[in-house]
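Residue-level structure breakdown
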Amino acid sequence: MFRGVGSEKLTEAELAEIRTAFNNFERLYPEIRTAIRIIPAGQVNFKHDAEYCVMLYSEKKDNWLMNAGYIGEQLDLWLTSREIGSLWFGIGKPDEPGYDGLDYAIMIAIRKVKDASLFRKDMFKAKRKEISEIWSGDTFGLAEIARFAPSACNSQPWYVEQSGNRLTVYRRKKPAISFMNAAAAAYFNRIDMGIFLCFLELCMAEKNVAFTRELFVDDGDGKTELSKVAVYTV
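So, here's what we can say about the structure. Note that the coordinates shown come from a computational prediction; the quantities given were computed from them, not determined experimentally. (Residues numbered from 1 in each chain as written. Predicted model: local features only at pLDDT ≥ 70, side-chain atom pairs only at ≥ 80, totals over all residues. Heavy atoms only, no water.)

Before going further, it helps to spend a moment on the overall build of the protein chain. Along the backbone of the protein chain there are five helices and 10 strands. Residue burial in the protein chain is summarised as follows: out of 234 residues, 49% are buried. When contacts within the protein chain are restricted to residue pairs at least 6 apart in sequence, long-range pairs at least 24 apart make up 69% of them. By element, 50% of the accessible surface of the protein chain is carried by carbon and sulfur atoms, the whole surface being about 11,600 Å². (Helix = DSSP H or I, 4+ residues; strand = E, 2+ residues; numbered from the N terminus. Buried < 20%, exposed > 50% of the residue type's maximum accessible area, 1.4 Å probe, protein only. Contact = heavy atoms within 4.5 Å. Areas by Shrake-Rupley, 256 points an atom, 1.4 Å probe, with all protein chains shown as cover.)

Okay, unusual backbone geometry next. The phi angle at asparagine 154 is positive, at roughly 55°, despite the residue not being glycine. Topologically, asparagine 154 is positioned in the loop between helix H4 (143-146) and strand S7 (158-163). Of the residues examined, asparagine 154 reaches a relative accessible area of 28% and is grouped as partly exposed. Even without a glycine there, the phi angle at glutamine 156 is positive, about 50°.

Bringing the packing of aromatic side chains into the picture now. The relation between two aromatic rings is expressed through the spacing of the ring centres and the mutual angle of the planes. Across all of its chains, the model carries six aromatic pairs by this definition. Measuring from centroid to centroid gives 6.3 Å for tryptophan 64 and tyrosine 187, while their planes differ by 80°, and the two rings are edge-to-face. Of this pair, tryptophan 64 sits in helix H2 (residues 64-81) while tyrosine 187 sits in helix H5 (residues 182-206), and the two are 123 residues apart along the sequence. Looking at tryptophan 64, the relative accessible area reads 12%, which means it is buried. Measuring from centroid to centroid gives 5.2 Å for tyrosine 187 and phenylalanine 188, while their planes differ by 80°, and the two rings are edge-to-face. (Phe/Tyr/Trp six-rings, centres within 6.5 Å; stacked < 30°, edge-to-face > 60°.)

Our next topic: the pattern of salt bridges. A full pass over the atoms with the stated rule returns eight salt bridges. Across the salt bridge formed by arginine 172 and glutamate 225, the nearest N and O atoms sit 2.9 Å from each other. A residue pair is termed long-range when its members are at least 10 positions apart, and arginine 172 in strand S8 (residues 166-172) and glutamate 225 in the loop between strand S9 (212-215) and strand S10 (226-233) qualify at 53 residues. Residue classification places arginine 172 among the buried residues on the basis of a relative accessible area of 17%. Taking the shortest distance from any N to any O, the salt bridge between arginine 190 and aspartate 218 comes out at 3.7 Å. With arginine 190 in helix H5 and aspartate 218 in the loop between S9 and S10, this pair connects stretches of sequence that are 28 residues apart. For the residue pair arginine 190 and aspartate 218, the accessibility class agrees, reading buried in each case. Salt bridges sharing partners connect three or more residues here, namely Arg171, Arg190 and Asp218. (Salt bridge = Lys/Arg side-chain N within 4 Å of Asp/Glu carboxyl O.)

Shown next as structure tokens:
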């Protein structure tokens, strides 16, 4: 996964910058306490030539996984902007299931990249669902980029409905992840929804679309296919 990216190594100063950056990212829920640990990739048996893994921990509260995805994707994009390759690694097992009274959520594997030319050159070649599969109504020019948000096994569990000046965001409860049981898929797809909200809001910021946001607890109850997670008024 990180092969052919050069031999540069992350310095202690860069690792300190990652920790500082994480502490300054916006949260969906500022009241949910979170933290990261950065450990050598070998400590979690990461086999794809990463240098380190960023272990993300959180309090277990309503929507804690969506909050973790929202913060983690800001970190993901921040790392890329500094020529540090990153990879969400959901199936990795933590070396420590808890830290400072917090529970493990997910990890991101990282490695220094020689230069920006070694990153993906054309994101439009990435395999993503058609807009019609993830969005109903006017996209306001947002879906065209927001749909490229990463997700577990590329399951892309999000669905957006536009009505007037409101965008209602849902999580699909049964995305196709063939080798995961329903509980594991729901776990990672809740993280995915935080990642998608981060992408969506960045797209709105880029297009100078002002918005207010209302969040809903994604408890997954009920027999409907969709679980409402957010409403944006634009």
